[in-house]
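Structural description and commentary
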Amino acid sequence: MYCNACGKTIAEDGRYCSYCGNVVGIPPTPKKLMRSRADRKIAGVCSGLAQYLDLDTSLVRILWFFIGHAVERRASRPSQFGGRARTPGSPLEPVLVRHIIP
């Protein structure tokens with residue numbers, strides 16, 4: 001195989017010319033993260049992510065389900081974030097300050 005730019009002989013499986021550095025042949029197209037139109041349940045998000053990551057679609061859907069529920073459960077318990085549940089109109093002082101100051 002020959003380089004189109006400099007005309008030197010290069011290896012058959014070479015992607016670049018070792019003499020001038022030009023790309024030989026058709027450059028590979030980068031992977032695009034897109035929603036799938038073929039294997040979709042709700043909007044094709046999980047199947048598109050599975051195609052991008054070369055994983056099974058069912059595995060991505062199961063992971064999406066468990067991660068989504070874990071995030072939702074974590075956000076629904078504000079006591080784990082180091083504070084108490086605050087409602088509109090409640091004071092923003094910490095709970096310990098009420099017990100220390102009479």
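Residues numbered from 1 in each chain as written. Predicted model: local features only at pLDDT ≥ 70, side-chain atom pairs only at ≥ 80, totals over all residues. Heavy atoms only, no water.

On inspection of all chains with the given rule, the structure shows one aromatic pair. Between phenylalanine 65 and phenylalanine 66 the ring centres are 5.3 Å apart and the planes differ by 75 degrees, which places this aromatic pair in the edge-to-face class. On the accessibility criterion, phenylalanine 66 (52% relative accessible area) is exposed. Between the NZ or CZ atom of lysine 8 and the centre of the ring of tyrosine 19, over which it lies, the distance is 5.4 Å. It is lysine 31 that lies over the ring of tyrosine 52; its NZ or CZ is 5.3 Å from the centre. (Phe/Tyr/Trp six-rings, centres within 6.5 Å; stacked < 30°, edge-to-face > 60°. Buried < 20%, exposed > 50% of the residue type's maximum accessible area, 1.4 Å probe, protein only. Lys NZ or Arg CZ within 6 Å of the ring centre and 35° of its normal.)

As a further point, take unusual backbone geometry. Notably, aspartate 54 is not glycine yet its phi reads approximately 55 degrees, a positive angle. Looking at the element boundaries, aspartate 54 is found in the loop between helix 1 (45-53) and helix 2 (57-75). (Helix = DSSP H or I, 4+ residues; strand = E, 2+ residues; numbered from the N terminus.)

Turning to the environment of cysteine 6, a few remarks are in order. Position of cysteine 6 among the secondary structure elements: in the segment before helix 1. In this structure cysteine 6 touches Cys17, Tyr19 and Cys20, once residues within four positions along its chain are discounted. (Contact = heavy atoms within 4.5 Å.)

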